[in-house]
Structures are given as C-alpha cells and as structure tokens.
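# Descriptive structure summary
The chain contents come next:
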Amino acid sequence: MPTINSTQPRRFRWMPTRAPHSSGRQRRWREAMAVVLAVNSGATDAIGFLALGGAFTSVMTGNMVLLGVALAGTDRALALHTGAAILCFILGCSLGTRIAGTPRPDDPVWPPAVTRALAVEGVVLVGYAVGWWWNGAHPSGQLQLSLLVLNALALGIQSSTVQRFGVAGLSTTYLTGTLTTLIARLTSGHRLRDVTPSALTLLGLITGAALGALLATRAPMWAPLVQLGSLGIVLAAAVTSIQSAPDRDLIRR
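Here the residue index of a chain counts from 1 through its sequence in written order. Reporting of local features is limited, given that this is a predicted model, to residues whose pLDDT is at least 70; pairs of side-chain atoms are given and counted only at 80 or more, and all residues count toward the totals for whole chains, interfaces and linings. Note that the side-chain values use all heavy atoms of the structure and ignore hydrogens as well as water.

Attention now goes to the overall build of the chain. A count of helical and extended segments in the chain gives eight helices and zero strands. Starting at the N terminus, helices and strands are each numbered in turn, a helix being any DSSP run of H or I of at least four residues and a strand any DSSP run of E of at least two. When the elements of the chain are put in sequence order from the N terminus, they spell out α-α-α-α-α-α-α-α. Buried positions account for 43% of the 253 residues belonging to the chain. By definition, residues are in contact when any of their heavy atoms lie within 4.5 Å. Pairs at least 24 residues apart make up 74% of the contacts formed inside the chain by residues separated by at least 6 positions. By element, 65% of the accessible surface of the chain is carried by carbon and sulfur atoms, the whole surface being about 14,000 Å². Categorising residues by exposure relies on relative accessible area from a 1.4 Å probe, with only protein chains included: less than 20% of the type maximum marks a residue as buried, more than 50% marks it as exposed, and the intermediate range marks it as partly exposed. Note on areas: Shrake-Rupley with a 1.4 Å probe; residue coverage comes only from the protein chains shown.

What follows is the structure, given as structure tokens:
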C-alpha cells in the first residue's frame, strides 16, 4: 500500500484568475452595441462620400479602387481625398490598437480599454462636428479635406478597437466579410437565428447610411448628430455597465 511522506510539503500550482464565461445576455448586449456602432459607420461613410469629397471613411477597399480610378483619370482632387482617407484610417487603426490593446484570455465581455478607445474616437468626432458647424454645414476646400480625415481617423480607431473583443466575424466597419459569412452560413444550412447578429449589424450600417445621407443632403446642420448620438449611446451604456458590474475584478484591466 502506498504511503504518504509527511516530510514532503504539498505543492500547489498557482493558476491565474480568469473571468467566468460570458453569459448569453452579456454577449447579446455586446452584439447590440456593435449594431449601434455600425450605424455610426454607415452615417460617417455616407457623409464623407456625399459632402466631403467623394471618399469613404471606413470602406478602404472602395477607396483603393477610387484612388486607382482617380490616378488613371488624373482626377487630382479625388486622388488626394481617397489617399488622405486611407492614410488617416491606417493611423486610426494603429491608435485604436495602442489604446484598446489585443484580446486576452481573461477578458470580460467588454474590456474597459474598449471604452477608453471609443472615448478617444468621440473626441475626434466632436472636433469634426465643431468644424462642420463652424462652416455652416457646407465645408469646402481645405476644411472639407480636414473633416474627411478626422472621420477616417475616427473610424480607424473604431475598427481596430472592436478587434479587442477577439470575436471572429465581429466588425462594425468592413462588413463585406460579414455579408459573405452570413450567406455562406445560410447556404450551408444554419438557422436564421444563428446569423441574426450579423444581419442586424448589416441593417445598422444601412440605416446609418440612410440617416447620414438624408441629413447631409436635406438638413446638413443635423448630420453630425447621428454620429455623435450613436457613439454616445454606446459609451453611456458601457460606462453604466462597468459601474454596475457585480465583480470588480472583471473590469480592472
């Protein structure tokens, strides 16, 4: 019969504390916030395309195509706007990654670093809105370009910030992949409920674009409120969620 050697101290291996698995309710809340952020993306892209020189602020694939077309047709203004939007989107992605960080195994559903990065995006959008209103909602020339790059910077921050969640397929800006995944899942026999989050995100993008376009063309003084309002909703919800979190260890990051 094996014996226990009492002279040998028992050894315990320390394991880092991990956040519990996120509940379905928490995940649904995050998906709802992603839809609201998609509204912001749609509105910002529509305003950029219609009122800020014909360039997108998050659809960089489209901007690259437009840049190529502009270079082929020697459209210097379009080349300048699309090129500047691409560069500032890249800068925003870098800044968002620096602030929000990268996914961690012990992340809560909504890491506080995400809120901080989105708050920085909010500051950038406030600066854009001030410039928009200061000019009477009809920017042109250098101011038009400046407002475009501020919007591209803001959506670059948002785009990389959402990557902190570490959820495959979760995006609020480049949504061609989301559409492709949705169709592929439906075609392969997935239930409609399995793709509902993706469908709602795409609907949010379209809704935001419609609102942004409508206001930019018919009531331009109100146009920035779609962007500021949607992002404000997300920030307010995130702050409220953090303050009411039952486990304070989940939010100290």
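On we go.
Here we come to the side chain of Ser160. Along the chain, Ser160 falls in helix α5 (residues 141-162). Taking relative accessible area as the criterion, Ser160 reaches 8% and is therefore assigned buried. Among residues more than four places away in sequence, those in contact with Ser160 are Gly92, Cys93, Gly96 and Thr97.

Attention shifts here to the nonpolar core. Grouped together as the largest cluster of nonpolar side chains are 41 residues, with contacts concentrated most on Ile47, Trp110, Leu118, Tyr128, Trp132 and Val234. Looking at this core, the elements that each hand over two or more residues are α1 (24-51), α3 (76-100), α4 (112-134), α5, α7 (196-218) and α8 (223-243). Examining the composition of this core, we find that nine residues originate from one element, α5, more than from any other. Throughout, nonpolar core names a set of buried Ala, Val, Leu, Ile, Met, Phe, Trp, Tyr and Cys residues whose side chains join them through atoms within 4.5 Å.

Attention now goes to the packing of aromatic side chains. Two aromatic rings are characterised by how far apart their centres lie and by the angle between their planes. Side-chain rings of Phe, Tyr and Trp, where Trp is taken by its six-membered ring, are said to pair if the distance between their centres is within 6.5 Å; with planes under 30 degrees apart they count as stacked, over 60 as edge-to-face, and otherwise as tilted. Considering all chains together, one arrives at four aromatic pairs under this definition. Here Phe49 and Phe56 contribute two aromatic rings whose centre-to-centre distance is 5.1 Å and whose plane-to-plane angle is 15°, an arrangement assigned as stacked. On the basis of relative accessibility, which here comes to 38%, the residue Phe49 falls in the partly exposed class. Aromatic side chains Trp110 and Phe165 sit 5.0 Å apart centroid to centroid with 50° between the ring planes, which places their arrangement in the tilted category. One end of the pair, Trp110, is in the loop between α3 and α4; the other, Phe165, is in the loop between α5 and α6 (176-187), and 55 residues separate them in sequence. Across the pair, Phe165 and Trp110 agree in class, each one buried. One aromatic cluster in this structure is built from Trp29, Trp110 and Phe165.

Here we come to the pattern of salt bridges. Any Lys or Arg side-chain nitrogen located within 4 Å of an Asp or Glu carboxyl oxygen qualifies as a salt bridge. A full pass over the atoms with the stated rule returns two salt bridges. Notably, a salt bridge pairs Asp107 with Arg164, separated by 2.7 Å at the nearest N-O pair. Placement of the pair is Asp107 in the loop between α3 and α4 and Arg164 in the loop between α5 and α6, with a sequence separation of 57 residues. Note on accessibility: Asp107 and Arg164 belong to one class, buried. Between Arg191 and Asp194 there is a salt bridge; the shortest N-O distance is 3.5 Å. With relative accessibility at 49%, the residue Arg191 sits in the partly exposed group. In this structure Asp194 comes out as partly exposed when scored by relative accessible area, which is 29%.

With that out of the way, let us pick up unusual backbone geometry. Although it is not a glycine, Thr74 adopts a positive phi angle of roughly 55°. With respect to the helices and strands, Thr74 occurs in the loop between α2 (60-72) and α3. What makes Thr74 exposed here is its relative accessible area of 64%.

Attention now moves to the packing of α3 against α4. Working convention: axes come from line fits to C-alpha atoms, limited for helices to the stretch in contact. Angles between N-to-C directions cover 0 to 180 degrees. Look at α3 against α4: their axes get within 8 Å of each other, and the N-to-C directions meet at 145°. Considering how the two elements wind past one another, α3 and α4 form a crossing that is right-handed. Contacts from Leu95, Gly96, Ile99 and Ala100 of α3 reach α4 at Ala113, Arg116, Ala117 and Val120. Crossing chirality is assigned from the near helix's rotation relative to the far helix, an anticlockwise turn below a right angle marking it left-handed and a clockwise turn marking it right-handed.

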